[in-house]
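The primary structure of each chain is shown beneath.
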Amino acid sequence: MQQEAAQRESEELQRVQWRPRRVRGWGVPQLLWFLVFLQPVITELHLRRRNVRFLFIRFSAWQYAGTDKLWAGLVTTLCEGIRRHYGALPFSVYSVLGNKPGGPREGPCHREWHCRRRVCLALLALLAALCLGVGLLYLSLGGHAPGHAGRGMLKALGGAATTLSGSGLLMAVYSVGKHLFVSQRKKIERLVSREKFGSQLGFMCEVKKEVELLTDFLCFLEIYQRRRLRVVLEVTGLDTCYPERVVGVLNAINTLLSDSHAPFIFILVVDPSILAACLESAGNMKGTADNGYLFLNRTVTLPFSVPVMGRRTKLRFLHDAVRSRDDLLFRELSVQLPPTPQGPGGSGEGAQLLAVETSAEAGRAQARVDAEAARRIQEALGCLHDEHDCLYEYVPDNVVSMRRIVNTVPITVRLLQQQQQQQPGRVGPTPRHAVAWVVLANQWPCRLSWVLQCLEDRQQAGGSPEGRARLWDVFCDNSRELHTMTKALQNVLDLDGDPELFERFLGTDFPFTVAEAQSLLRCTVNLDHSIRRRMGLIRAVSALKPPSPPKSPSREEPQASPGASNAAGMSQGGHGPGHSRGAAHPGTDLRGKPRPLA
């Protein structure tokens, strides 16, 4: 946007002769002169201007998430940003003496400024009255008036003229000073802080007046600077607020954009799925935003979805995330050993020397451990942003997830090193496998927890699989059971990434075995164990067999009638089940009528 503005500015300077006026530094006195004595006019020349300047204002909804009216924070941020950019004095003068820009009076007009005759005449009248009053007071006090009565009359007239003219000038100065020290933000915050401000009939009217005053001031500056002005408000953090707050901000945006000539551009940096869910769950939007996506389509005029991050961009972000941990990870700790005491000594000095040597040896050992840990951590993090390695393909495009992975790798590697120190003869996983396991736990926590829970249940049942068995095979064997639990685990399944990438990860690129998984599980810190416990409970409940229904009393009573038994035997010999006509079976009585079964 800045490049587009610079290009349009250069094209406009080549087309016309005049340059844009300044609003800072030495341009402030000229701006104040135009504000007081000149009236801007919207001409055809101004409408044809294509040069534009963007004023960027950032609004973080999270900072105002605790307030009842989040949209009030949006309006106050907008007012404060414009006031800070152009200064408090010009806006205060415009609030008191400024006039709304108008169109040409009669026919086409190329003059953009007209003299404000009323203001000039009123100011001349006040100055003339002030000079007259001062002159009369001078005559009355100087003794030039004839007689005592004449001096008293001149004194009274001079005092009245001086008081009236001076009070008018002082009132204008007071109003400017009041707007100078009491900004629009303070006015709106004062209205919001009042109790039951929502029931006040004039509250929204006052806010609307402040916004209209701000819009008129920007229109005045457009004509003064000879360029178009657009205020770009960047709204972030809206998807972290309550649904009612989100609705309030969107309504405020629609209100500010209701005017077709409003110089505002809003950029919403949000997750559309979360925003649509907030709109659908908001109680005051029932019937209006039953479908949140349709409501967003009516509000957003230029949808822009951030494309998938490319290979070079992802590697650069990963490299930047790794470099942010250089000062903590790659620095080898140096241990300063105390100097060895010299000279003869007895048994006490020998004990001290032995203690110093022991502590020095422990310090050297710890330094070697830290150096080895730093080397392994550096090797593991190097696999993340290595373009020749396939591991970066499984890292998500989200920068927050990248930092989460980068922050988890050092802890996992250090825990693995400590585990290998406790078991010296055992070969542990490599740093590449450690960082791959961290990525696996970060990207597919539900599926990984399901595999680990199945292994745990099989081990508890006494049928532990072989250590060389692959985790992907275990997942394939129990995937049907996981599919039956999708309704109960819907929120947990939403945490997982692409299922096809999960298959390629465990099936081809990183075929972890059961033994490696059990070794890495002791050092895993980025996997929520409550997911496994929930899966275990659901699996245990589904494994319970329902109790058998009670038997009917008619089945327990013996058939005493021989005719019945003979009839039953005849039915079994003559016809198959369900084809007997007059035979008695457990579902019928002796007369052939159906009997209710338990």
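Anything mentioned here points back to the structure above.
This report concerns the structure included in the present document. (Residues numbered from 1 in each chain as written. Predicted model: local features only at pLDDT ≥ 70, side-chain atom pairs only at ≥ 80, totals over all residues. Heavy atoms only, no water.)

On to the overall build of the protein, then. Along the protein, the regular secondary structure elements total 26 helices and five strands. Across the 598 residues that make up the protein, the buried fraction comes to 37%. Pairs at least 24 apart in sequence give 78% of the contacts found in the protein among residues at least 6 apart. Accessible surface computed for the protein: about 36,200 Å², of which carbon and sulfur atoms make up 57%. (Helix = DSSP H or I, 4+ residues; strand = E, 2+ residues; numbered from the N terminus. Buried < 20%, exposed > 50% of the residue type's maximum accessible area, 1.4 Å probe, protein only. Contact = heavy atoms within 4.5 Å. Areas by Shrake-Rupley, 256 points an atom, 1.4 Å probe, with all protein chains shown as cover.)

A few words now on the packing of helix H13 (residues 311-323) against helix H16 (residues 399-422). With their axes 10 Å apart at the nearest point, H13 and H16 run at an angle of 45° to one another. One finds that H13 runs oblique with respect to H16. Along this stretch, H13 crosses H16, giving a crossing that reads as right-handed. Contacts from Lys314, Phe317, Leu318, Ala321 and Val322 in H13 reach Val399, Met402, Arg403 and Val406 in H16. The residue makeup of the contact of H13 with H16, split by class, is seven nonpolar, no polar and two charged. (Axes fitted to C-alpha atoms, helices over the stretch in contact; angles between N-to-C directions. Parallel < 35°, antiparallel > 145°, perpendicular 65-115°, else oblique. Left-handed = near helix turned anticlockwise from the far one by under 90°. Nonpolar A, V, L, I, M, F, W, Y, C, P; charged D, E, K, R; others polar.)

Bringing the nonpolar core into the picture now. Formed by 60 residues in total, the largest nonpolar core has its most connected members in Leu74, Leu78, Ile82, Tyr86 and Leu238. The contacts of Tyr86, once residues within four sequence positions are left out, are Val23, Leu55, Phe217, Leu218, Leu221, Gln225 and Leu229. Membership of the second largest hydrophobic core comes to 57 residues, among which are Ala436, Val451, Phe510 and Val514. (Core = buried A, V, L, I, M, F, W, Y, C linked by side-chain atoms within 4.5 Å.)

Our next topic: the pattern of salt bridges. Two side chains carrying opposite charge are able to pair once their charged atoms lie near each other. Tallying each qualifying case throughout the model produces 21 salt bridges. A salt bridge links Asp389 to Arg432; the nearest nitrogen and oxygen atoms lie 2.9 Å apart. Taken together, the residues Asp389 in the loop between helix H15 (347-384) and H16 and Arg432 in helix H17 (residues 431-443) connect sequence positions 43 residues apart. Residue Arg432 is classed as partly exposed on the basis of its relative accessible area, which comes to 26%. (Salt bridge = Lys/Arg side-chain N within 4 Å of Asp/Glu carboxyl O.)

This brings us to the packing of helix H4 (residues 70-86) against helix H10 (residues 243-256). In helix packing, the relevant descriptors are the interaxial angle and the interaxial distance, both defined with respect to the helix axes. Two elements in contact, H4 and H10, have axes whose closest approach is 7 Å; the angle formed by their N-to-C orientations is 45°. As summarised for this structure, H4 and H10 are arranged oblique, according to the angle between their axes. Across from Leu70, Trp71, Leu74 and Leu78 in H4, the residues of H10 making contact are Arg245, Gly248, Val249, Ala252, Ile253 and Leu256. Class assignment for the residues of the contact of H4 with H10 results in eight nonpolar, one polar and one charged.

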